[in-house]
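Geometric and topological summary
Residues per chain, in single letters:
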Amino acid sequence: MKQGYPVCAQALTRPECRVGTWSANEKVAASSLVSPSDDPMPLPRWQDAPAISYRWGFSSKTLDDFMADTKTTGLMVIKDGRVVAERYQYGRQPDMRFRSFSMAKTFTAMLVGIAHGKGLIRSLDDKAADYWPEIAPSAYGQTTIRNLLRMSSGVPFRELYTWTPDDDIWLWGRVLFLPENRNRPEKIAEYLNTKTTREVEQGQRFKYATIETEILGRVLSRAAGMSITQITQEWLWKPMGAETEARWLLAGADQGEGTGGSFNATLRDYARFGVLLANDGLRGYAQIIPREFLLDATDAARQPAAFRPRRATPGMGYGYQTWIAPFKERTFALQGIHGQHIMVQPKSGIVMVQTSVNDQPSGRQDGRPYQIRDALWMGVLKSLGGVTD
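Residues numbered from 1 in each chain as written. Predicted model: local features only at pLDDT ≥ 70, side-chain atom pairs only at ≥ 80, totals over all residues. Heavy atoms only, no water.

Section: the overall build of the protein chain
Put simply, the rule is: A run of H or I in DSSP becomes a helix once it reaches four residues, and a run of E becomes a strand once it reaches two; helices and strands are each numbered from the N terminus. Values of the radius of gyration come from C-alpha atoms, whereas the globule rule sets the reference at 2.2 Å times the count of residues to the power 0.38. Burial classes follow relative accessibility: with a 1.4 Å probe on protein chains only, a residue under 20% of its type's maximum area counts as buried, one over 50% as exposed, and anything between as partly exposed. For this analysis, residues touch if any pair of their heavy atoms sits within 4.5 Å. Only the protein chains shown count as covering a residue, and every accessible area follows the Shrake-Rupley method with a 1.4 Å probe. For the charge count, each Lys or Arg is scored as positive and each Asp or Glu as negative, with His and the chain ends excluded. A single reference atom marks each charge: NZ on Lys, CZ on Arg, CG on Asp, CD on Glu.
When helices and strands are tallied, the protein chain shows 11 helices and 15 strands. Radius of gyration (C-alpha) of the protein chain: 20 Å, near the 21 Å computed for a compact globule of 389 residues. If one aligns the C-alpha atoms of the protein chain with their principal axes, the spans along those axes are about 60 × 50 × 45 Å. In the protein chain, buried positions account for 58% of the 389 residues. Restricting to contacts in the protein chain with at least 6 residues of sequence separation, those with at least 24 account for 64%. Only carbon and sulfur atoms are counted for the fraction: they give 49% of the accessible area of the protein chain, which is about 15,400 Å². Counting 48 positive and 41 negative side-chain charges, the protein chain places the centres of these two groups 3 Å from one another.

As structure tokens, this is what we get:
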């Protein structure tokens, strides 16, 4: 680009701002700092790793082809904790923090699991209002933590990514970020308390709604008596062995972390999180994420029928803020709009991380980048001895 890669606040609606902004969000938005570990998880190179190839149409493609054919800013492939490939384009560098978008939801869910393991959340079947009584009048307040984890409150919510008045995620964003709501946390409770009806009973149906993760984050913070930033640092980032500081973007209304989509970390630290998930929450002898919670979050066989692959959606299932692939072997993903992904297959030890600046937010608007991503993921699994059925 002749003008370089500008950093500007309107990147969601200005494509020319996306490369620069989504790797430097703290320059245009309030954020809090998550300190790294003094003992980083090693990510050694696999020196003689097999070459990765994938099929696209009638052709065999390489990683070079993938980078050229997609708007990927960063790509990393890991096998058994070793780096098979690490690529960047558009001038992005390993020390840059890329915005997670909805990959943050899985981070939030795992922190909820840790809080439950510590006894700070007594039961996943407690209601949100048990920890956040100000929203007790709302249907959300009467929804259980488990059903928020599954995005199954049944409360109507349209997540269109059109950023227009008929888009509920846009309306929710206004509650959080309008200048007149700054430092007025009561505005959040007031808005939520207008939501008193359900389309279906809670727990019956998956319907994607970022607002449910944002509620979860605020419930978690109240249950733990700490900010999400502190929780992330003390329970996950340092124990996991993150190498670089991360940042949470903050909402103006309550200075709360954007647990639905506002985490920012380097590609390598996203990969470390993927490795931790692949190891069922274990680093060395330390069980960082409770294993049973992680299996409940990511194993298709542990989901109610309505949340399994090809039922929750035509393709993927949905666990606890985590997408579950329709494979026989447990395989799952973190996903964020505009092409952010962490793909994990624990048995094979394979993790793939991708950050992107796709033109359209989701596969519903433009499926091609996701089809190419899926083709690459299948190629990664085949090239490295993973399971593809």
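Quick notes on the layout of surface pockets
To keep things clear, this is the line we draw: Here a cavity is any set of points on a 1 Å grid over the protein atoms alone where a 1.4 Å probe fits but cannot get out, and a pocket is any open set with protein on both sides within 12 Å along at least 5 of 7 lines; a residue lines the site when it has an atom within 4 Å of a point. Grid points are joined across faces, edges and corners, and a volume is the space filled by probe spheres set on the points. Under the scheme applied, nonpolar residues are Ala, Val, Leu, Ile, Met, Phe, Trp, Tyr, Cys and Pro; charged residues are Asp, Glu, Lys and Arg; polar residues are all the others, including Gly.
Of the pockets and cavities examined, the largest pocket occupies roughly 1,100 Å³. Considering the residues around the largest pocket, the lining is formed by 41 residues, among which Leu12, Arg99, Gly173, Phe177 and Ser262 are closest to the centre. The set of elements that each furnish at least two residues to the lining of the largest pocket consists of α5 (168-177) and α7 (210-224). Tallying contributions element by element places α5 first for the lining of the largest pocket, with 7 residues. The class makeup of the residues in the lining of the largest pocket is 22 nonpolar, 13 polar and 6 charged. Put simply, the second largest pocket is a space of about 820 Å³. Every residue lining the second largest pocket is counted, 30 residues in all, and those nearest its centre are Trp323, Gln335, Ser362, Gly363 and Tyr370. Those elements that place two or more of their residues in the lining of the second largest pocket are β13 (332-336), β14 (340-345) and α11 (368-383). The greatest single-element share of the lining of the second largest pocket, amounting to 5 residues, is contributed by α11.

Here we look at the pairing of strand β3 (residues 59-62)
Let me state the cut-off plainly: Pairing between strands requires that DSSP locate at least two bridges from one strand to the other.
Where strand β2 (residues 53-56) meets β3, 4 bridges bridge the pair, whose relative direction is antiparallel. Within β3, the position partnered with Tyr54 by the bridge is Lys61. Hairpin connection, β2 to β3: the antiparallel pair is bridged by 2 residues, and Gly57 has positive phi, about 65°.

Considerations on the pattern of salt bridges
Inclusion rule: For this analysis, a salt bridge means a side-chain nitrogen from Lys or Arg found within 4 Å of a carboxyl oxygen belonging to Asp or Glu.
Summed over the entire model, instances satisfying the criterion amount to 29 salt bridges. As a salt-bridge pair, Lys79 and Asp80 come within 3.8 Å of each other at their nearest N and O atoms. Overall, Lys79 belongs to the buried group, its relative accessible area being 12%. For the salt bridge of Arg205 with Glu199, the shortest nitrogen-to-oxygen distance reads 2.8 Å. The class for Glu199 is partly exposed, based on a relative accessible area of 42%.

Describing the pairing of strand β4 (residues 72-79)
The buried fraction of β4 amounts to 8 of the 8 residues, a majority that puts the element mostly inside the structure. Across 6 bridges, β4 lies against strand β5 (residues 82-88) in antiparallel orientation. Residue pairing across strands places Val77 opposite Ala85, the latter belonging to β5. A loop of 2 residues connects β4 with β5, the two strands running antiparallel in sequence, and Asp80 in this loop sits at a positive phi of about 50°.

Remarks on α7
Here is the rule we go by: A helix's residues, less one, multiplied by 1.5 Å, set its expected span.
With 15 residues, α7 extends 21 Å between its outermost C-alpha atoms, agreeing within 8% with the 21 Å of an ideal straight helix rising 1.5 Å per residue. By the criterion of burial, α7 is predominantly enclosed, with 14 of the 15 residues buried. Directly beyond the C-terminal end of α7, a positive phi value near 70° is found at Gly225.

Considering the packing of helix α3 (residues 103-117) against helix α8 (residues 228-240)
The test is simple: Note on geometry: axes are lines fitted to C-alpha atoms, helical ones only across the stretch in contact, with angles between N-to-C directions running from 0 to 180 degrees. Note that the term roughly parallel is reserved for angles under 35 degrees, roughly antiparallel for angles over 145, roughly perpendicular for angles of 65 to 115, and oblique for everything else.
α8 packs onto α3 with a crossing angle of 85° between their chain directions and a minimal axis gap of 11 Å. Here α8 runs roughly perpendicular to α3, going by the angle between their axes. The segment α3 lies against α8, with Phe107, Leu111, Ile114 and Ala115 engaging Ile231, Thr232, Trp235, Leu236 and Trp237. Residue composition of the contact of α3 with α8, by class: 8 nonpolar, 1 polar and no charged.

Side note on unusual backbone geometry
Here Tyr161, not a glycine, exhibits a phi torsion of approximately 60°, which is positive. Within the fold, Tyr161 resides in the loop between α4 (145-149) and α5. Overall, the relative accessible area of 11% leaves Tyr161 in the buried class.

Side note on the side chain of His341
Here His341 is to be found in strand β14. The class for His341 is buried, based on a relative accessible area of 1%. Setting aside chain neighbours within four positions, we find His341 in contact with Met103, Leu334, Gln335, Met352, Val353, Gln354, Tyr370 and Arg373.

What to know about the sheet that holds β5
Taken in spatial order, the 7 strands make up an open sheet running β5-β4-β15-β14-β13-β12-β11, and their pairing is antiparallel. Of all strands in the sheet, those with a lone pairing partner are β5 and β11 (317-318), marking the two edges. Seen against the sheet, helix α9 (residues 267-278) touches β4, β5, β13, β14 and β15 (350-356) and runs at an angle of roughly 145° to β15. The strands that α11 touches are β4, β13, β14 and β15; relative to β15, the one it contacts most, it runs at about 155°.

A short note on the side chain of Arg373
The following threshold applies: By the criterion applied in these results, polar contacts are pairs of N or O atoms within 3.5 Å in which, for protein atoms, one can donate a hydrogen and the other can accept it, and in which residues neighboring in sequence qualify only through two side-chain atoms.
Looking at where Arg373 falls in the secondary structure, it is placed in helix α11. We classify Arg373 as buried; its relative accessible area is 5%. Looking at Arg373, its side chain comes within polar contact range of the side chain of Gln335, at 3.2 Å. In contact with Arg373, not counting residues within four places along its chain, are Phe66, Gln335, His341, Met343, Met352 and Gln354.

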